[in-house]
Number of protein chains: 4
Amino acid sequence: KNHDQAQRKSCWYEEEIEDNLRWSFALNSILHTGATQYQDIQLLDTKPFGKALVIDGKLQSAEIDEFIYHECLVHPPLLRHPNPKNIFIMGGGEGSTAREILRHNTVAKLIMCDIDEEVVDFCKSYLVVNRQAFCDPRLELVINDARAELLSRVEKYDVIVGDLADPIEGGPCYQLYTKSFYESVVKPRLTTNGVFVTQAGPAGIFSHTEVFSCIYNTLKHVFKYVVPYSAHIPSYADTWGWVMASDSPLSLNAEEFDLRIKQRMTGENRFLDGTTFQSASTLSKAVRKSYVLSLLSFTSHFALPFFFFLGNDYVY
Amino acid sequence: KNHDQAQRKSCWYEEEIEDNLRWSFALNSILHTGATQYQDIQLLDTKPFGKALVIDGKLQSAEIDEFIYHECLVHPPLLRHPNPKNIFIMGGGEGSTAREILRHNTVAKLIMCDIDEEVVDFCKSYLVVNRQAFCDPRLELVINDARAELLSRVEKYDVIVGDLADPIEGGPCYQLYTKSFYESVVKPRLTTNGVFVTQAGPAGIFSHTEVFSCIYNTLKHVFKYVVPYSAHIPSYADTWGWVMASDSPLSLNAEEFDLRIKQRMTGENRFLDGTTFQSASTLSKAVRKSYVLSLLSFTSHFALPFFFFLGNDYVY
Amino acid sequence: KNHDQAQRKSCWYEEEIEDNLRWSFALNSILHTGATQYQDIQLLDTKPFGKALVIDGKLQSAEIDEFIYHECLVHPPLLRHPNPKNIFIMGGGEGSTAREILRHNTVAKLIMCDIDEEVVDFCKSYLVVNRQAFCDPRLELVINDARAELLSRVEKYDVIVGDLADPIEGGPCYQLYTKSFYESVVKPRLTTNGVFVTQAGPAGIFSHTEVFSCIYNTLKHVFKYVVPYSAHIPSYADTWGWVMASDSPLSLNAEEFDLRIKQRMTGENRFLDGTTFQSASTLSKAVRKSYVLSLLSFTSHFALPFFFFLGNDYVY
Amino acid sequence: KNHDQAQRKSCWYEEEIEDNLRWSFALNSILHTGATQYQDIQLLDTKPFGKALVIDGKLQSAEIDEFIYHECLVHPPLLRHPNPKNIFIMGGGEGSTAREILRHNTVAKLIMCDIDEEVVDFCKSYLVVNRQAFCDPRLELVINDARAELLSRVEKYDVIVGDLADPIEGGPCYQLYTKSFYESVVKPRLTTNGVFVTQAGPAGIFSHTEVFSCIYNTLKHVFKYVVPYSAHIPSYADTWGWVMASDSPLSLNAEEFDLRIKQRMTGENRFLDGTTFQSASTLSKAVRKSYVLSLLSFTSHFALPFFFFLGNDYVY
């Protein structure tokens, strides 16, 4: 019968991923809808990408491919660190970042600090895939502003993970991407070999100029070693970016990368291995040329990024 | 906060109401989804029109304005009849047609004959507004093909109501709109003053040529008195049509119409009164001119409607 | 071949006709795009409705059914007037209102006063159907604000036609729908038997509360006789409204209406005749009940309509 | 003024890139529409991606990022070949593939063989960026089926480029992706060091199973050395794939790649350099694991791909 056809097309989730560009998924159902003090939240069951978490009308993660985002955010910094024990997540209320971190058997203590308790509760209730992570005794959940929380703490972390919304001017997270935040809040809380990593927004051949290049440049002013990398995430309709930074060298060849996965992690990665990371951290000519030339960085003093003088040592 | 805006736009129900013309409602939720032996069925919660029943990707009725359709289908024939006691509904599984009929205190017995038991059960469960009707002791629910059921019965009805899908060629209901069906199945089951009424598809200035004119013309060949009428239904994005037919005169002025409403009906109509019906049964010049000239009628022998010779007595 | 199918669906015009409700037409082409000092303007070739004029993202008129709007706006007031010679259009830059007025052989002089010269030029160039009207020697085109123009003139008009955008609060036309404007600007420029008519926005069973009821109520405070009427316009996906007002009685039965059409007009109406107008000026119970109760009217002193005391004479 | 906003959203190009997944671009205009003997063709001016060529409702190439597709299709095989002089394009009527090939100063003769003369003429007329290429004296344009043309020729080519629609079962190009076609038509027309390259459809983490893996596996049965590679193309909303194949080794390190670009090519690449190609030809774990396991290949004897026995030598 022809009924599938008719029904399949009738309900759609639609997002304007950028001005003039729309991305739409056929829907099976709208599982849950809620509004917190900070944001609106929906859990959708979509036909092309499975369950999808939508916050304020923006897709956060889709069941079918969130593993790409979360493996990329978590494993490169944890694998590069010689022995990551204490970890701090800024944001991450969805629970998937914690889930990936807890796969590392070196991890003894994990702080997840999200400002929106209701989102955390929503995800705890509905995202079955992260239930085990939420119950892991190594996880300590803190409801607070990440900046305030980091400032109030004295212990140091081996890895600090930024799993926050993009630094949109005037948005709630802008201050958590600035040079002064990295210098005076993040860096003091990292151990000697500590690694900072942050999601870094779209990193496509055109879209990398939105925030990715700026985040990279900002971190270059604060850390000695900075590694940008990217991967295409189908449900985002774009290539996504992450940047990892440290004052210790971050190099790790493909074989060592694979070896540490085997030694330290439970379960198997679906996206990342040493070879994949090599490819992900090799940006295309178009992006490389563009961000070397782009001298923009985020500061806390100016609402708009501004041009920054960079000395001769600025070489990618 | 701006969240409403964002969320409001993210989920949509979308229907191609005709080729090249799309009609979309923002969604609150998808309440229920099901598939029966005959059709797919969904109950949606839409922002502009409230709960909406969708069958095979076509909107059947919306909470906010289904009263227009059902008041128009039911009350003109029942009010024109001197004393309607026994009523037969072909189709009508949604329950709203029964609900309106049962508001007439003259009605002693109502048969609702729908072929799809699962749709009836679905509506019984989820359409709260019709629950009382489904429980009314005067209602007898029969699961059967309307034609077979009418042929198997010997009693006669004061009003027979056609609440069926449009007569699309090759569609399941085509045979229930033909001249031979009306002559040999419907008419023999009507009492002396009996009235037949049917929904008659879109009746807009352009869309009336799809099936409305044909249904009118077909009924003109079978009954002495035929009254077409129409009203705009917002959720259908079109003017809709009904045709009422009888071998007894159907005239009733606005005052008598209103008087009978007062005398015979419980509750108050939201759409129809005598004046409204006068307007609804006065078609615009564009439609009147078109359907007088259109000589098409539905027959059971030909898949396509064909031209029919009409004598001098063909005067609207 | 299956190519038509594919191509047919690829390009769409889309309008949010109200919050949460979208209306989309498949496109053949985008004929012209322009921006004037006041507004953006597009001429589209749509599959379902032919050429469509879109101003600021809102459909103004579509080739296939603009005749309904313009016949309804123009002919009832001109036919009701005993001998309409001098006519004034506020707005109307599209030219269709002028075209319909110029079909009346009683008309000797027609002022069309639109504020946006570039829109007028755009329509003159591209709307072939109105070319003849733009060249008619009886037409005088004035580029000015309608209020300023009427205030600067001393002669009186038999019919003044309001063909302006809806009175949206804060919008450019709001002041042209207020009680004080009607009293001190329009009325002084009408001859003794003069008739004022205005388009009055959506008049559907739900949408009539947006501006239609208010315009009707406002005019009731200024003129002795006020006649609201409405008709479904397919391309607007709604029933539309007009209100006609005068200090002389406006009644005209269907036969006289038809007779005057024959005597005074060239060409044939496609939508309106006496019978159609009777139906159009008989509002449904739902709308009648609603606007009698609604006591809102537009004033120039308050941004928001407010409740107004209405004496015993307020009878529809 | 707020007009931009309104207008920007009104016209959209919409494509269902796969079942249940829609991709929409705001439109400036529809520049040209045509229908050839074989296909429908449109040239659109889109807001996010510039001019876009659409064939049978499928985006072919967009002004803003077609360079990614065409640089990837052309330069890896031509740069790997020691001295590419004679080149043959199967398809490529758009002209962009020819344009990139003609940037290589080693090229003496280029055959572009497309079946659809009208598409070629359309692109010649409207795609300004390729005008020079169409006029290059080294280019010989042939209107013919690529298979028939290759069979009829006796000379051999250094590089044969497949720039054809995906091998959809029952589609016009399926036969041009089969093992027998590669063996008996393509290979005999390659010089000793000859390289064959073909576009290979979507190569995303999920979409690579549609045709990319099959094309790779098919070529593995015919050539000694096969190199699959991929890159994200924003306007396609996916990662795209190409496969290069030869009986001579295809390795070339990043420095040599860059050197040959400098020595042999005019103009500068926007996307590709040695480093970028290294990354592009390193597939992610997810895709690598999947296609090694996938044993599907295209054959001419079976409409559906079938499982093929592969010996021990099958190692990527």
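Preceding block: the structure.
Quick summary incoming for the structure in this document. (Residues numbered from 1 in each chain as written. Chains lettered and ligands numbered in written order. Predicted model: local features only at pLDDT ≥ 70, side-chain atom pairs only at ≥ 80, totals over all residues. Heavy atoms only, no water.)

## As for the interface of chain A and chain B
Defined as follows: Whether two residues are in contact is decided by their heavy atoms: any pair within 4.5 Å suffices. Summed over both partners, buried area is the accessible surface (1.4 Å probe) that two parts give up on being assembled. We count a salt bridge whenever a side-chain nitrogen from Lys or Arg sits within 4 Å of a carboxyl oxygen from Asp or Glu. Any pair of nitrogen or oxygen atoms within 3.5 Å is treated as a polar contact; in protein, a donor-acceptor pairing is required on top of that, and neighbouring residues in sequence qualify only through side-chain atoms on both sides. The secondary structure listing takes helices from DSSP runs of H or I that are at least 4 residues long and strands from runs of E that are at least 2 residues long, numbered from the N terminus. Each residue gets one label: Ala, Val, Leu, Ile, Met, Phe, Trp, Tyr, Cys and Pro are nonpolar, Asp, Glu, Lys and Arg are charged, and the others, such as Gly, are polar. Two strands are counted as paired when DSSP detects at least two bridges linking them.
Residue-level contacts link 27 residues of chain A with 27 residues of chain B. Regarding the contact of chain A and chain B, the summed buried area is about 2,000 Å², with carbon and sulfur atoms giving 50% of it. Where chain A packs against chain B, one counts zero salt bridges. Run the count over chain A and chain B and you get five residue pairs in polar contact (both at pLDDT 80 or more). Contributions of two or more residues to the side of chain A that touches chain B are made by helix H1 (3-8), strand S1 (11-18), strand S2 (21-35) and strand S3 (40-46) of chain A. Of the residues in the side of chain A that touches chain B, the class split is ten nonpolar, eleven polar and six charged. Relative to strand S1 (residues 11-18) of chain B, S1(A) is paired through three bridges, and the arrangement is antiparallel. Following the sheet pairing, A:Trp12 is matched in S1(B) by B:Trp12.

## A closer look at the sheet that holds strand S10 (residues 190-202) of chain D
Residues and elements named next belong to chain D. Rules: Angles run from 0 to 180 degrees between N-to-C directions of axes, and those axes are lines fitted to C-alpha atoms, restricted for helices to the stretch in contact.
If you trace the seven strands from one edge of the open sheet to the other, you get S8-S7-S6-S9-S10-S12-S11, paired in mixed fashion. Looking at which strands have only one partner, the edges of the open sheet turn out to be strand S8 (139-143) and strand S11 (225-233). Across the sheet, the mean angle separating the axes of adjacent strands is 15 degrees when strand polarity is ignored. Relative to strand S7 (residues 109-114), strand S6 (residues 86-91) is paired through five bridges, and the arrangement is parallel. Bridging from a neighbouring strand, Met90 pairs with Cys113 of S7. The strands that helix H2 (residues 66-80) touches are S6, strand S9 (157-163), S10, S11 and strand S12 (238-246); relative to S11, the one it contacts most, it runs at about 155 degrees.

## What about the pairing of strand S10 (residues 190-202) of chain B?
Residue and element names in this part refer to chain B. Rules: Only protein chains enter the accessibility calculation, which uses a 1.4 Å probe. A residue is then buried if its area is under 20% of the maximum for its type, exposed if over 50%, and partly exposed in between. Handedness of a crossover is defined as follows: orient the strands so they point away from the viewer, and if the path from the first strand over the helix to the second runs clockwise, the crossover is right-handed.
Within S10, ten of the 13 residues are buried, leaving the element largely enclosed by the surrounding structure. Pairing between strand S9 (residues 157-163) and S10: five bridges, direction parallel. Bridge pairing in S10 links Gly162 to Thr198. You can see the chain leave S9, run along helix H7 (residues 179-186) and come back into S10, and the turn it takes is right-handed. Where S10 lies against strand S12 (residues 238-246), six bridges are found, and the strand directions are antiparallel. Its bridge partner lying in S12, Phe196 is registered against Ala245.

## Describing the relation of the copies chain A and chain B
Formally: Superposition of the copies used a least-squares fit over C-alpha atoms from residues whose pLDDT is at least 70 in both.
Once chain A has been moved 0.0 Å along the axis and rotated by 179 degrees, it coincides with chain B to within an RMSD of 0.0 Å. This pairing of chains is accounted for by a two-fold axis. When C-alpha positions in chain A are compared against the rotation axis, the closest is assigned to A:Trp12, at 2.6 Å. The residues that chain A uses at the interface reappear at the interface of chain B in 100% of cases, marking a shared surface.

## Things to note about the environment of B:Gly162
Residues and elements named next belong to chain B. Here Gly162 shows up in strand S9. Note: C-alpha distance between Gly162 and Thr97 (65 residues apart in sequence) is 9.9 Å. Residues in contact with Gly162, not counting those within four places in the same chain, are Leu73, Met90, Phe196, Val197, Thr198 and Gln199.

## Overview of the relation of the copies chain D and chain A
Overlaying chain D on chain A yields an RMSD of 0.0 Å, the required transformation being a rotation through 180 degrees with an accompanying axial translation of 0.0 Å. Most of the interface of chain D is mirrored in chain A, where 100% of its interface residues are also at the interface.

## Some thoughts on the sheet that holds strand S11 (residues 225-233) of chain C
Sheet strands pair via backbone hydrogen bonds, and the direction of the pair is either parallel or antiparallel. Residue and element names in this part refer to chain C. The seven strands are arranged S8-S7-S6-S9-S10-S12-S11 in an open sheet whose pairing can be described as mixed. Only two strands of the sheet have a single partner each, and these edge strands are strand S8 (139-143) and S11. Adjacent strand axes in the sheet meet at a mean angle of 15 degrees when their direction is disregarded.

## Points about the interface of chain D and chain A
In this assembly, 42 residues from chain D lie in contact with 42 residues from chain A. Both faces considered, chain D and chain A share a buried interface measuring about 3,600 Å² in area, 58% of it formed by carbon and sulfur atoms. Connecting chain D to chain A are four salt bridges. Two residues, A:Arg288 and D:Asp273, come together in a salt bridge whose shortest N-O distance is 3.0 Å. Secondary-structure elements contributing two or more residues to the side of chain D that touches chain A are strand S1 (11-18), strand S2 (21-35), H2, S12, helix H10 (274-280) and helix H11 (285-293) of chain D. Among the residues forming the side of chain D that touches chain A, the class breakdown is 19 nonpolar, ten polar and 13 charged. Judged from the five bridges that link them, S2(A) and S2(D) form a sheet pairing that is antiparallel. Residue pairing across strands places A:Arg22 opposite D:Ser24, the latter belonging to S2(D).

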